[in-house]
Amino acid sequence: MALCCSLCLLLLCCQALALGGGMLYPRESASRELKELNGIWSFRADFSPQRDKGFVQQWYRKPLRRSGPVIDMPVPASFNELTQDPNLRRYTGWVWYEKEVLLPRSWLLSALSTRVVLRVGSAHYYSIVWVNGVQVTEHEGGHLPFEVDISRIVQGSSGALCRITIALNNTLTPQTLPPGSIQFMRDESKYPRGYFVQNTKFDFFNYAGIHRPVMLYTTPSVYIDDITVTTDWAGNIGMVRYQVLVTGNTSYSLSLNLREKEGKVVATGARPIGALKVVEPKLWWPYLMHENPGYLYYLEVKLSAQVGGELSEDVYTLPVGIRTVHVTGRQFLINGKPFYFHGVNKHEDADIRGKGLDWSLIVKDFNLLQWLGANSFRTSHYPYAEEIMDLCDAYGIVVIDECPGVGMRDPENFGNTSLAHHLVVMEELVRRDKNRPSVVMWSVANEPASELSPAAYYFKTVIAHTKAIDPTRPVTFVSNANYAHDHGAPYVDVICVNSYFSWYHDAGHLEVIQLQLNTQFENWYKAYQKPIIQSEYGADSIAGLHNDPPLMFSEEYHTAVLKEYHSVFDKKRKDYVIGELIWNFADFMTDQGTGRVLGNKKGIFTRQRQPKAAAFVLRDRYWKLANESNCLRPTLTYHNL
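Residues numbered from 1 in each chain as written. Predicted model: local features only at pLDDT ≥ 70, side-chain atom pairs only at ≥ 80, totals over all residues. Heavy atoms only, no water.

Considerations on the overall build of the chain
Cut-off, in case you're wondering: Put simply, DSSP H or I for four residues or longer makes a helix, DSSP E for two residues or longer makes a strand, and each gets a number counted from the N terminus. When we talk radius of gyration, it's over C-alpha atoms, and the globule rule is simply 2.2 Å times the number of residues to the 0.38. Buried means the residue's accessible area, taken with a 1.4 Å probe over protein chains only, is under 20% of the maximum for its type, while exposed means over 50%, and partly exposed covers the values in between. Throughout, a residue-residue contact means that at least one pair of heavy atoms, one from each residue, lies within 4.5 Å. Under this rule, positive means Lys or Arg and negative means Asp or Glu; His and the chain ends count for nothing. The location of each charge is read from NZ of Lys, CZ of Arg, CG of Asp or CD of Glu.
Counting secondary structure elements, the chain contains twelve helices and 32 strands. Relative to a compact globule of 641 residues, whose C-alpha radius of gyration would be 26 Å, the chain shows 25 Å and is just as compact. When its C-alpha atoms are laid out on the principal axes, the chain stretches across 75 × 75 × 50 Å. A total of 641 residues make up the chain; the buried ones form 59% of that total. Partitioning the intrachain contacts of the chain with sequence separation of at least 6 by distance along the chain shows that 74% fall at a separation of at least 24. Considering the chain, the positive charge centre built from 64 side chains and the negative charge centre built from 65 side chains are found 2 Å apart.

Set out below in structure tokens:
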């Protein structure tokens, strides 16, 4: 308990040294208003040879429609597949978004007491933002939110009309996350002058655009900037340690109430740093590990301060789950009990909208996860939307939270510039998701070239940095390197391994899977003495394609591969294998190539979320695993999904 206390205090101290300011998800309250800007925006892609016409002509200085032809573009959505223009689908460079919005009069007349903040949930990949023609911020990287205080601009303007312009560049370089490279085709007998392509070394389509909600929200001028919580329990006592960061004034008072889901107050506090003691706590449990999974308390923080001689108040409520995570040499423990990951890898990917947030799709996917009996997933290969993570907290779906470190296959991806950016990305990810009970482990990369010598220092540094800002969670990365030459493996807490026996090598030879998989596990465990997750395995199948005996790409071959893997999992999970995550939950789009027919077909569901035969094999297995663990099935039937 004492060690856990010191770790929690260390977390509170270290996070204060990370990125300046918090990134609390905007929530309406008695003191905060919210205006979503989702819907139709004006859009224009810059097809000039250098992709710089928008900057040369300063498109941000006046309404975008005056710069030339614009089209309607939904937000959130990827722009790639919303028109019939193939040039836009494969476009690389700067695109411009704009929306004009009327602000409430109350936001404009309270300059001394009200902040107006513009927040972008995710934009790919480099963003520059102007408000009424004035640049207000820029941000590098997709998949994570950024925001800026625009009070000075909108409250100082003559009218209530606010024009928001966002320029995005989806170009990937060796130093971005994910990395990529631009290849110019110089042979003018084969390619037009100036022709180039964007090369990447990851296997999913590089969708681009404003992928998550854009919103304006207000806070008082003295406001709750950040909240950090860590939890622990022993016997019949739960502990919620917290730190509240206040900005705008050093003289204020706080009132904290921790409420049960039903509203009853179970603990109170009044200091910016403290601990709340909960008697007979209701712990946060994973789905299928308890009859009441995903139980959340609600920490209501109320700030009072004097502003201009008047009392100002700010209120923010944070969901809190009380749970612990611990890793031993052979087990992954949640609340002191062994947890076995039986879940999926996913993608934010769907027809038409690409990576754009879609509530209907999100709800469908969670219903399918529950039907499947999946208790976990990895955010392959980038952080998912906060709205998705909220449901993981509420439903008890355990998450391995992965940063966009995918496609790192070249030595130049491991230089100092890449490393510095990678550290910032991990800070942004931890800052966003640090309070989520569903997040039990950070993943700093997927299938990097960790056999390269620079990878040793690189991953030692990234993992140490991640542990410094959050010592309460284990850290991993996902490897497909040879166990004997993986320079990053010594620094992880859990070994995560991807392998595709009888698919990418020994293609068609189902008979070698069990031998090769058993050898894989024994080699990794002997070398590192750490628990192992099979973080990817699977095969492609075309829905409706059948063959007996099983042949590659048939649904029969897909299910046969899974069953061969499962035979080995059943032996090794009694020892040091702590999880299995199928690749993939659903078919998804990739770049065009002779090895892909309209995308990757390794999904157990089609891209339209219809089950293949493999889904039923996996469903039978996952519910069997849950029953073998003496788990209690929630009140959930196939019919109410």
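Anyway, onward from the coordinates.
Topic: a nonpolar patch on the surface
Under the convention used in this document: A patch consists of residues exposed above 30% relative accessible area that lack any salt bridge, with like charges linked at up to 9 Å and nonpolar side chains (Val, Leu, Ile, Met, Phe, Trp, Tyr) linked at up to 5 Å. In these tables, accessible area is a Shrake-Rupley quantity obtained with a 1.4 Å probe, and a residue counts as shielded only by the protein chains included in the view. Just to be clear on terms, a salt bridge is a Lys or Arg side-chain nitrogen sitting within 4 Å of an Asp or Glu carboxyl oxygen.
Together, Ile542, Leu545 and Phe553 line one region of the surface with nonpolar side chains, adding up to about 220 Å² of accessible area. Structurally, the position occupied by Leu545 is in the loop between β31 (532–536) and α11 (555–572).

What about the layout of surface pockets?
Here is the rule: Buriedness of a pocket was judged along seven lines, with at least five required to meet protein on both sides within 12 Å; pockets are open sets of points on a 1 Å grid over the protein atoms alone, cavities are sets where a 1.4 Å probe fits but cannot get out, and lining residues have an atom within 4 Å of a point. Grid points are joined across faces, edges and corners, and a volume is the space filled by probe spheres set on the points.
Its volume calculated, the largest pocket comes out at about 750 Å³. What lines the largest pocket is a set of 22 residues, among which Arg90, Tyr91, Thr92, Phe196 and Val197 lie closest to the centre. Mapped by element, the contributors of at least two residues to the lining of the largest pocket are α3 (86–89) and β12 (196–199).

Thoughts on helix α7 (residues 386–395)
In an α-helix, one turn spans 3.6 residues, which is why side chains three or four residues apart end up on the same side. Burial within α7 is extensive, with seven of its ten residues counted as buried. Turning to α7, its buried residues number three or more, namely Glu386, Glu387, Ile388, Met389, Leu391, Cys392 and Asp393. Two residues or fewer after α7 comes Gly396, characterised by a positive phi angle close to 80°.

A few points about the packing of aromatic side chains
Inclusion rule: For this analysis, a ring pair means two rings from Phe, Tyr or Trp (six-membered ring only for Trp) whose centres lie within 6.5 Å, classed as stacked if their planes differ by under 30 degrees, edge-to-face if by over 60, and tilted for the remaining angles. Two thresholds decide whether a charge sits over a ring: the Lys NZ or Arg CZ must be within 6 Å of the ring centre and within 35 degrees of the ring normal.
Applying the stated criterion to the full structure yields 43 aromatic pairs. Judged by centre distance (6.0 Å) and plane angle (70°), the rings of Phe414 and Phe459 are edge-to-face. Of the two residues, Phe414 is situated in the loop between β27 (398–402) and α8 (416–433) and Phe459 in helix α9 (residues 454–469); the sequence distance between them amounts to 45 residues. The rings of Phe55, Trp59, Tyr60, Trp94, Trp96, Tyr126 and Trp130 are connected pair by pair, giving a single aromatic cluster. Between Arg115 and the ring centre of Tyr223, over which it is positioned, the NZ or CZ distance is 3.7 Å. One cation-aromatic arrangement involves Lys602 over Tyr500; the distance from NZ or CZ to the ring centre is 5.5 Å.

Some remarks on the state of the cysteines
By definition, a disulfide links the sulfur atoms of two cysteines through a covalent bond. Put simply, the test is: Note that a disulfide, as used here, is simply two cysteine sulfur atoms within 2.5 Å.
Applying the stated criterion to the full structure yields zero disulfides. Considering cysteine sulfurs only, Cys403 is the nearest to Cys496, which forms no disulfide, with 13 Å between them. When its relative accessible area of 2% is taken as the criterion, Cys496 is described as buried.

So, the sheet that holds β31
Put simply, the test is: Strand pairing follows a simple DSSP-based rule, namely that at least 2 bridges must link the two strands. Orientation is described by lines fitted to C-alpha atoms, with helices fitted over the stretch in contact, and by angles between N-to-C directions that extend from 0 to 180 degrees.
If you trace the eight strands once around the closed barrel, you get β25-β26-β27-β28-β29-β30-β31-β32, paired in parallel fashion. For this sheet, the mean inter-axis angle between neighbouring strands, taken without regard to orientation, is 25°. In this structure, β27 lies alongside strand β28 (residues 439–446), joined through four bridges in parallel fashion. Within β28, the position partnered with Asp401 by the bridge is Trp442. Relative to β27, α7 is tilted by about 150°, and along the sheet it contacts β26 (376–378), β27 and β28.

Section: the nonpolar core
The line we're drawing: In this text, buried Ala, Val, Leu, Ile, Met, Phe, Trp, Tyr and Cys residues form a nonpolar core when linked through side-chain atoms within 4.5 Å.
By size, the foremost hydrophobic cluster in this structure holds 91 residues, and its most contacted members are Phe366, Phe377 and Phe459. Those residues within four positions of Phe377 in sequence are excluded, and the remaining contacts are Val344, Lys346, Phe366, Leu369, Tyr384, Ile388, Cys392, Ile397, Val398, Val399 and Ile400. Within the second largest apolar cluster, 48 residues are counted, among which are Val278, Tyr295, Leu299 and Phe339.

So, helix α10 (residues 513–528)
Inclusion rule: Helices are assigned an expected span. That span is 1.5 Å times one less than the residue count. Think of it as the arc spanned by the lines of direction from the helix axis to the C-beta atoms.
Along its 16 residues, α10 runs 23 Å from first to last C-alpha, staying within 8% of the 22 Å computed at 1.5 Å per residue. All of the buried residues in α10 are Ile513, Leu517, Gln520, Phe521, Trp524, Tyr525 and Tyr528. Seen from one end, α10 has its buried residues packed into an arc of 110°, which puts them on one side. Facing away from the buried side of α10, by more than 90 degrees, are the exposed residues Leu515 and Lys526.

Remarks on the packing of α11 against helix α12 (residues 613–628)
Short version of the rule: The labels follow the angle: roughly parallel below 35 degrees, roughly antiparallel above 145, roughly perpendicular from 65 to 115, and oblique for the rest. Each crossing gets its hand from how the near helix is turned against the far one by less than a right angle, where anticlockwise is left-handed and clockwise is right-handed. Classes in brief: Ala, Val, Leu, Ile, Met, Phe, Trp, Tyr, Cys and Pro nonpolar; Asp, Glu, Lys and Arg charged; the others, Gly included, polar.
Running from N to C, α11 and α12 cross one another at 20°; their axes reach a closest spacing of 8 Å. By the angle between their directions, the pair α11 and α12 is classed as roughly parallel. In this structure, α11 crosses over α12, and the sense of that crossing is right-handed. Residue-level inspection shows Glu555, His558, Thr559, Leu562, Lys563, His566, Phe569 and Asp570 of α11 in contact with α12, the latter providing Ala613, Ala614, Val617, Leu618 and Arg621. In terms of residue class, the contact of α11 with α12 is built from six nonpolar, three polar and four charged.

Re the confidence of the model for the chain
Quick reminder of the rule: The pLDDT value tells you how sure the predictor is about a given residue, anywhere from 0 up to 100.
In the predicted model, the chain carries a mean pLDDT of 94, and 95% of its residues have values of at least 70. Considering only residues more than four positions removed or in separate chains, one finds that residues 634–641, a stretch of pLDDT under 50, has 14 contacts.

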